[in-house]
Every structure is written in C-alpha cells, then in structure tokens.
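Spelled out, the chains give:
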Amino acid sequence: MEKILEQTLLYDFYGELLTEHQKQIYEDVVLNDYSFSEVASEQGISRQGVHDLIKRCGRILGEYESKLHLVERFLAIKEKVEHMEASLREAESLDREQLIGQLQDILENL
C-alpha cells in the first residue's frame, strides 16, 4: 500500500485515539503536508520533537491496526464491492441465476 494512503487510512480509522496534541501535529505534517520546521515553529517545539512525535504516532496507529485489523477488513470489503460492481456491469451477458450466484459467492467470502 502506498505510504501516504496507508498513513491516511490508519489516521481515518484510529486518529481519534491519539491525543489532541498528537492529532494536530500528525494532521499538519501528514495530511496538510507542512514541513517539520513549520509545525515546530507553530507549536513551539523543536523540529526533532515533531519528527519524533510523527514516528511515535505512526507506530501507535500501526499497533492499533495490528490488533484490530479494521483497515485490512475495510480494504477487503472494498475489493469485494468493486468485484460485485464489475459483475453487475457484466450482467448483460449473464442470466439472472448466474448473476445471483456470483453475487452470493462474493458475499459469502466477506
């Protein structure tokens, strides 16, 4: 998974579990693409402090994912829905029973 997408998904799912301070700095650096220096100046901390906090937040979010697997499940369901959509687009070449069978197979494997 692309690093930015991974960071964004992890934050979307687990960001509320971070402190307000952690959320603000993580959002500024990762989501808003501010430099460490800009955030450090704004927050009144060192550039190294921002760097360390970003690494710590990334590790915390990764640990939540390793225990809960919400992002993994979300991506699996998203893939299944895309497969179902593709099956529906191809429905013109299938009869009703074949289409229902394909969709049921996909749903059973969620």
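Placed above this text is the structure.
Residues numbered from 1 in each chain as written. Predicted model: local features only at pLDDT ≥ 70, side-chain atom pairs only at ≥ 80, totals over all residues. Heavy atoms only, no water.

1. Some words on the overall build of the protein chain
Check the secondary structure of the protein chain and you find 6 helices and 0 strands. Moving toward the C terminus, one meets the helices and strands of the protein chain in the order α-α-α-α-α-α. For the protein chain, whose C-alpha radius of gyration is 20 Å, the value lies well above the compact-globule estimate of 13 Å for 110 residues. Oriented by its inertia axes, the alpha-carbon framework of the protein chain measures out at about 65 × 25 × 20 Å. (Helix = DSSP H or I, 4+ residues; strand = E, 2+ residues; numbered from the N terminus. Rg over C-alpha atoms; globule rule 2.2 N^0.38 Å.)

2. Examining the environment of Q24
One can find Q24 in helix α2 (residues 20-31). When the C-alpha atoms of Q24 and F74 are compared, they prove to be 25 Å apart, with 50 residues separating the residues in sequence.

3. Focus: the nonpolar core
In this structure, L18, I25, Y26, V29, V50, I54 and L61 are the most contacted members of the largest nonpolar core, which totals 19 residues. It is helix α4 (residues 47-68) that provides the largest number of residues to this core, a total of 6 residues. Beyond its immediate sequence surroundings of up to four residues, L18 is in contact with Y11, K23, C57, I60 and L61. (Core = buried A, V, L, I, M, F, W, Y, C linked by side-chain atoms within 4.5 Å. Buried < 20%, exposed > 50% of the residue type's maximum accessible area, 1.4 Å probe, protein only. Contact = heavy atoms within 4.5 Å.)

4. Focus: the environment of L9
Following the sequence through the fold, L9 ends up in helix α1 (residues 3-14). Between the C-alpha atom of L9 and that of R73, which follows or precedes it by 64 residues, the distance is 12 Å.

5. Digging into helix α6 (residues 96-108)
Between the first and last C-alpha of α6 there are 18 Å, a value that for 13 residues agrees with the 18 Å anticipated at 1.5 Å per step. Taken together, the buried positions of α6 are L99, L103 and I106. For α6, the angular spread of the buried residues around the axis is 60°, confining them to a single face. Looking at α6, the residues exposed on the side facing more than 90 degrees away from the buried face are E97 and E108. (Expected span 1.5 Å × (residues − 1). Arc of directions from axis to C-beta.)

6. Notes on the pattern of salt bridges
If you walk through the whole model with that rule in mind, you get 3 salt bridges. E82 serves as the salt-bridge partner of K78, at 3.1 Å between the closest nitrogen and oxygen. Note that K78 and E82 are positioned in helix α5 (residues 70-89) at a spacing of 4 residues, about one turn of the helix. Using a relative accessible area of 39% as the deciding quantity, one classes E82 as partly exposed. Overlapping salt bridges bring together E16, E20 and K23 as one network. (Salt bridge = Lys/Arg side-chain N within 4 Å of Asp/Glu carboxyl O.)

7. Observations concerning the side chain of D28
Looking at the secondary structure, you find D28 in helix α2. For D28, which is buried and forms no salt bridge, the nearest opposite charge comes from K23, at a distance of 13 Å. Within the structure, D28 has its side chain in polar contact with the side chain of N32 (distance 3.3 Å). Residues within four places of D28 in sequence aside, it is in contact with D33, Y34, V39, E42 and Q43. (Lys, Arg positive; Asp, Glu negative; His and termini not counted. Polar contact = N/O pair within 3.5 Å; in protein donor to acceptor, adjacent residues only side chain to side chain.)

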